[in-house]
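# Breakdown of the fold
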Amino acid sequence: MKSIHARRRTFAALVLLAVLLLGRASGTSAQTQSSSLTLQKMALLVEGLARFHYQPQRLTQNELARGAQLSFLRNLDPYGIYLQQSDVDALSAFQLNVLRASVPDNGALLDGAALRLRRRLQDARRLAREQAAQVRLSDDGGELDWMSRERPRYAADDDELRRRWRQLLHYRALSRLYYANLPADAAEFQELIARDGAAALRAGLQREESNIQSLLDFRGGVEGYISYLLLNAIASAMDPHSAYWLDDDRRQFEAALSTRAESFGIVLEKTVFGEHRIARLIPGGPAWRSGRLNAGDSILELKFPDEQGRIIQTVDLDPYELQELLNQASRRRIVIVVRKPDSRRLEVALQKAPLQLEENVIFCYVLDGTKRIGYIYLPSFYRDLEGLEAPGAASDVARALIQLKREGIEGVILDLRDNGGGARVEAQDLAGIFLDQGPLFLQRDRDGRLELLKDRNRGAIYSGPLAVMVNARSASASEFFAGVMQDYRRALIVGSRTFGKASSQVVLPMPRSGPIADHLKLTTNMYYGLNGRSHQRRGIQPDFLLPDGSALGGREEQSPAALSAEDIDRRINTAPIASADLSDLIEASEDRVEDDEQFQRIAELSARFQRQFSADLEIPLEGGRFFRELQRFRREFEEYQNASRRRSQGFHSRSPEFAARLEAVDSYRRELHSEQRRQIDEDIYIDETYKILIDALPIFSIRRRP
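Counting of residues starts from 1 at the beginning of each chain's written sequence and follows it residue by residue. Note on the predicted model: pLDDT of at least 70 is required for a residue's local features to be given, and 80 or more for side-chain atom pairs to be given and counted; whole-chain, interface and lining totals, by contrast, use all residues. Side-chain calculation: all heavy atoms of the structure are included, whereas hydrogens and water are not.

Looking now at the overall build of the protein chain. Along its length, the protein chain carries 20 helices and 22 strands. The buried share among the 706 residues of the protein chain stands at 52%. Residue pairs in contact within the protein chain that sit at least 24 positions apart in sequence constitute 77% of those at least 6 positions apart. All accessible-area figures derive from a Shrake-Rupley calculation using a 1.4 Å probe, and residue coverage is judged against the displayed protein chains alone. Taken as a whole, the protein chain presents about 31300 Å² of accessible surface, with 48% of it coming from carbon and sulfur. Numbered from the N terminus, helices here are DSSP runs of H or I no shorter than four residues, and strands are runs of E no shorter than two. Using a 1.4 Å probe on the protein chains alone, a residue whose accessible area is under 20% of its type maximum counts as buried, one over 50% counts as exposed, and one in between counts as partly exposed. Contacts are residue-level and defined by heavy atoms, with any inter-residue pair within 4.5 Å sufficient.

Take the packing of helix α5 (residues 104-132) against helix α6 (residues 158-181) next. Angular values range over 0 to 180 degrees, each being the angle between N-to-C directions of two axes fitted as lines to C-alpha atoms, with helices fitted over their stretch in contact. Where α5 meets α6, the axes come as close as 9 Å, and the angle between the chain directions of the two elements is 60 degrees. Here α5 lies oblique to α6, going by the angle between them. Crossing geometry of α5 relative to α6 is assigned as right-handed. Here α5 contributes R120, A124, L127, A128, Q131 and A132 to the contact with α6, which in turn contributes D158, L161, R162, W165, R166 and L169. Taken together, the residues that form the contact of α5 with α6 break down as 7 nonpolar, 1 polar and 4 charged. Any angle that falls under 35 degrees is termed roughly parallel, while one over 145 is termed roughly antiparallel, one within 65 to 115 roughly perpendicular, and all others oblique. For any helix crossing, the convention is left-handed if the near helix is rotated counterclockwise from the far helix by under a right angle, and right-handed if that rotation is clockwise. Residues are sorted three ways: Asp, Glu, Lys and Arg are charged, Ala, Val, Leu, Ile, Met, Phe, Trp, Tyr, Cys and Pro are nonpolar, and all the rest, Gly among them, are polar.

Another aspect to go through is a negative patch on the surface. To count toward a patch, a residue needs a relative accessible area above 30% and no salt bridge. Like charges then connect within 9 Å, nonpolar side chains (Val, Leu, Ile, Met, Phe, Trp, Tyr) within 5 Å. We define a salt bridge as a side-chain nitrogen of Lys or Arg found within 4 Å of a carboxyl oxygen belonging to Asp or Glu. Charge convention: Lys and Arg are scored as positive, Asp and Glu as negative, and His as well as the terminal groups of each chain are ignored. Throughout, a charge is located at the NZ atom of Lys, the CZ atom of Arg, the CG atom of Asp or the CD atom of Glu. On the surface, D581, D584, E587, E590, D591, E594 and D595 cluster together into a patch of negative charge. Among the secondary structure elements, E594 is positioned in helix α15 (residues 583-595). The class of E594 is exposed, set by a relative accessible area of 55%.

A pair of aromatic rings is counted whenever rings of Phe, Tyr or Trp (Trp by its six-membered ring) have centres within 6.5 Å, and the orientation is called stacked for planes under 30 degrees apart, edge-to-face for over 60 and tilted otherwise. Considering all chains together, one arrives at 21 aromatic pairs under this definition. Ring centres 6.2 Å apart and planes at 85 degrees place the aromatic pair F434 and Y462 in the edge-to-face group. Of this pair, F434 sits in helix α13 (residues 424-434) while Y462 sits in the loop between β15 (450-454) and β16 (466-470); the two residues are 28 residues apart in sequence, bridging distant segments of the chain. Here the aromatic rings of F609 and F637 are separated by 6.3 Å at their centres, their planes lie at 45 degrees, and the arrangement is tilted. With a gap of 28 residues between them, F609 in helix α16 (residues 597-614) and F637 in helix α17 (residues 623-643) connect regions that are remote in the sequence. Overall, F637 belongs to the partly exposed group, its relative accessible area being 28%. In this structure an aromatic cluster arises from ring pairing among Y171, Y178, F189, F626 and F627.

What follows deals with unusual backbone geometry. With phi around 55 degrees, S476 is a residue other than glycine that occupies positive phi space. Of note, S476 is situated in the loop between β16 and α14 (477-487). Although it is not a glycine, R537 sits at a positive phi angle of roughly 65 degrees. With respect to the helices and strands, the residue R537 is situated in the loop between β19 (519-528) and β20 (544-545). Of the residues examined, R537 reaches a relative accessible area of 31% and is grouped as partly exposed.

On to the pattern of salt bridges. Tallying each qualifying case throughout the model produces 47 salt bridges. A salt bridge links R120 to D87; the nearest nitrogen and oxygen atoms lie 2.7 Å apart. In this pair, R120 sits in helix α5 while D87 sits in helix α4 (residues 85-92), placing the two residues 33 residues apart along the sequence. Two residues, R126 and E130, come together in a salt bridge whose shortest N-O distance is 3.4 Å. Here R126 pairs with E130, and both are found in helix α5, just 4 residues apart, close to one helical turn. Looking at R126, the relative accessible area reads 39%, which means it is partly exposed. The class for E130 is partly exposed, based on a relative accessible area of 34%. Salt bridges sharing common partners tie together R601, E604, R608, E629, R632, E636 and E639.

Sheet strands pair by backbone hydrogen bonding; their relative direction is either parallel or antiparallel. Overall, mixed pairing links the 7 strands, which are arranged β20-β17-β16-β13-β12-β11-β22 in an open sheet. The sheet is open, and its two edges are formed by β20 and β22 (651-654), each paired on a single side. For two strands to pair, DSSP has to find at least two bridges joining them. Where strand β11 (residues 363-369) and strand β12 (residues 372-377) come together, 6 bridges link them in antiparallel fashion. Considered in β12, the bridge of V366 is made with G374.

Here the focus is the nonpolar core. Grouped together as the largest cluster of nonpolar side chains are 79 residues, with contacts concentrated most on L45, F72, L76, W165, F189, I226 and I234. Counting residues per element, this core draws most heavily on helix α8 (residues 221-238), at 12 residues. When near neighbours in sequence (up to four residues on either side) are disregarded, L45 contacts L231, I234, A235, Y244, M510 and L520. Take the buried Ala, Val, Leu, Ile, Met, Phe, Trp, Tyr and Cys residues and link them wherever side-chain atoms come within 4.5 Å; each set so joined is a nonpolar core.

Here a helix's expected span is defined as the number of its residues, less one, multiplied by 1.5 Å. Across its 21 residues, α17 extends 30 Å between first and last C-alpha, which sits within 8% of the 30 Å expected from 1.5 Å per residue. The secondary structure elements touched by the buried residues of α17 are α6, α7 (186-216), α16, β21 (619-620) and α20 (684-700). What qualifies as a polar contact is a pair of N or O atoms within 3.5 Å, subject to a donor-acceptor requirement within protein and to the restriction that residues adjacent in sequence count only when both atoms come from side chains. A distance of 3.0 Å separates the backbone nitrogen of G624 from a side-chain oxygen at the start of α17, and that oxygen is part of E622.

Let's shift gears to the confidence of the model for the protein chain. pLDDT gives the predictor's per-residue confidence on a scale running from 0 to 100. Scored by pLDDT, the protein chain has a mean of 86; 87% of the residues are at 70 or more. For the stretch residues 1-28, pLDDT sits under 50, and the model shows 43 contacts to residues farther than four places along the chain or on other chains.

This brings us to the side chain of H535. For H535, the position within the fold is in the loop between β19 and β20. At a separation of 2.9 Å, a polar atom in the side chain of H535 contacts the main-chain carbonyl oxygen of K501. Look past the residues within four positions of H535 in its chain and what remains in contact with it is S476, E479, F480, G500, K501, A502 and I540.

Here we take up the environment of Y54. Relative to the assigned elements, Y54 resides in the loop between α2 (30-52) and α3 (62-76). Here Y54 falls in the buried class, since its relative accessible area comes to 4%. Taking C-alpha positions, Y54 is 6.4 Å from D445, a pair spaced 391 residues apart along the chain. With near-sequence residues (within four places) excluded, Y54 lies in contact with R444, D445, R446, T523, T524, N525, M526, Y528 and L563. Side-chain polar atoms of Y54 contact the side chain of R444, separated by 2.9 Å.

Looking now at α20. An ideal rise of 1.5 Å per residue puts 24 Å on 17 residues; α20 measures up with 24 Å between its terminal C-alpha atoms. Bending is quantified residue by residue as the angle between axes fitted to the seven-residue window ending at that residue and the seven-residue window starting at it. Within α20, the axis deviates most sharply at I694, by approximately 30 degrees, and proline P698 lies no more than four positions further along. Counting buried positions along α20 yields 14 of 17 residues, so the element is predominantly enclosed. At the N-terminal end of α20, a side-chain oxygen is found 2.8 Å from the backbone nitrogen of Y685, two or three residues along, and the residue is D683.

Another point: the environment of Q679. Take Q679: it is sitting in helix α19 (residues 667-681). Counting along the chain gives 26 residues from Q679 to S653, while the straight-line C-alpha distance between them is 9.6 Å.

A word on the pairing of strand β7 (residues 310-313). Both strand β6 (residues 298-304) and β7 contribute to a ladder of 4 bridges, which runs antiparallel. Following the sheet pairing, F304 is matched in β7 by R310. What sits between β6 and β7 in their antiparallel hairpin is a turn of 5 residues, with Q308 showing a positive phi close to 55 degrees.

For the rest of this paragraph, the subject is the environment of L508. For L508, the location among the structural elements is in strand β18 (residues 503-509). On the basis of relative accessible area, L508 is assigned to the buried category, the value being 5%.

The structure is reproduced here in C-alpha cells:
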C-alpha cells in the first residue's frame, strides 16, 4: 500500500491537474463558471476523501449523498426565514451525485440554489423592512413556533413568510430589551417596551439586514457561499469532524492549539442574565494596554472598521459566536462598545497582537485539608505549531507537578472538564508523565493496520495518587489520556461520561482558485484502548459518576454521520498499578451524592433542561408572557449554577510557594489567582473529588509495577 507521503504526492498532482482545468473555463456566464469551478473542486475533494479518509467506502453508500444534500439544503436557510417550501422541493428534485461531479443534476443543484437564494435574500431584505413597520411590541405577536432545533420548517407561501418576519423581528426586539436591561418585573419590562421598543426594533432590523448582506458579500458572492456549503456538506457527511475549510477556518484551528496566536487579549464570559462581559484582560495584550477596558465591563456592540463599518449587537450572539467573531484570523481591527458598571458607554479601538493565550495555560493550586492535595486545571492539549521552543501542555503539567511535589502533596487532582482535546501527541506525553513506561493505546489506519503507541519517555515524573475529572465536554485527547489512566488503573476517573470522539484528523491544502488556499480536514485514524475497545461513540465511563448538565451540548453518538468503531481482536496485557477493588469507595460516593440536596437538584434541573432542549421552540410574543418565560428560565439556570457552588468544608486552596511570591509583586496575578481559588473552593465537584481521593489513598499505597 502507498505510504501517506506517496498519497500526498499523488494528491499534489491532482491539485496541479485541477489548476490546469480551472484555466479552461471560458465563454460562459459568471454563474456557470462558478458552478464549473465548484464541480472541479468537488471532484478533487472526493478524490482526497477517497485517498485519505479513514472509511473511504462511505463515499459509495447511497445515504451519504442524500445526507450531504439534506445538510446542504438545511444550511442554506437554517431558520426557515429565506426559502419557501417550494424552493426546497425544487432543489430536492435534483439528486446530488458525490462520485460523479460532472452529472447535470449537480450543476443544476448549484445554479438553482444560487438563483433561488439570491432572489430570496433580496426579497427578505424588502420583507424585513415592510414587516418591521407592522410590528407593535405592545401587541400580542402570537407564538413563535416555526423555528426547529433539528431542521428548518419552511413557509408554505408569501403570507406565511411575512408572518415569520414579523414574529422574528418582534422576538429580536423583546430579547434585546430584556437582556440589555434585565428588568426586575413585568411592569418595568412593559415600560421598556413603551420607551425603547422602537429603537430595539430598528436595531433588530439592522442586524437581520447585516446578516443578509454578509451572505451576499461572501467570498465569491452567493455562488461562493453555495460552493462552500456544498463542499462542506459532502466532507462532513463522511463524519462530523471532516470539513472543507476556508483559509480563515484553518487559521482559527491552529490558533486554538497554539499559545502564540494573535488576540485582542480579552477573556469573555456570559452571565446567566444574557450579558457578554469581560471576565479578565490578558496582561500585555491590546485590551490591557488600552487602559480603558476592565474586568466587569459589559460588551454591547462590535464594530468592524475594515468591513464597511459593520456593527453587531452582542445580545444577538451566543458566547461561541462572539468568540468566533473576535478570533477570526482576517479580522485584525475592531471597535468594542462597552457599558461600564456606572452605566457609562465607551468605545475602544483595538488591534490584534501576538500574545500567550490564557485559555491554553494551566494553573495549579494546593488544597489544604485533612490531607494536602494538588489541583491542576488543564483547559486544552495545546502545543507550539510553529516549531518554536514554547512548551506544550504536557511539559507545563510536568512543571506544575514539580512545584506541587515541593509542597508535600499526598495526591493530585487533574481537572479535564470541558477540555475538548487538541494535540494527541500532548496527551501521549502527558500519560508518560504518570507512567514509568509501556504501551498507551492502539492507532488504526484506513487500511486496518495497527500501530501500538507507547510512552515516549522512560520514567514517571509523578507516581502518587491521582484523580482525573471529566464531563461530557471532555473529548478526543482528553479521552485518550483518561482511557490510558483507566486501562492501567493509574487514576480514579470522576465525573460524567465523556464526549466519545476517538478519531484524529489531518489538514491538507486544496488547489488555489485565487490568492487564498482552501483546505480539507479529514479523519485518518481511529484509536483503541489496550483492551481492543474504542471510546468512539461510547466515551469514557467514569469510575465515580456525578450528575451534571454537561451533556446538553450533545455527544458524538448523536451526530448522524458519527463513525462507528467495532472492537478489534487485539489485547495488550498490562498489570494494573492499583489492584484494590473500588466498589466500597464508589458506594460511599454514591451515598454522599444521594444525600446531597445540591447534587440532587443538579440532576433534576439537568433532566428538565434536556427535555426543554429536545422540544421544538414555542416562544410567546406577548410582553408579559415573554417576560415570565424568560424569568422562569433565568431563575432555573441561576439555581443550577448556584447548586454547583458551595464552600468546601474539607479544604481551602492556596497558591504554591513559588506562585505566591510572584503574586506579592504582581497585582494582576494576585487578583486573577484569588478569583480562581474562590472558584475552586466553591466547586461542588472538586469537593467530592477531593473526598474520593482521600478515601482512596490507602489503595494507592498498595502498588504493583506495570
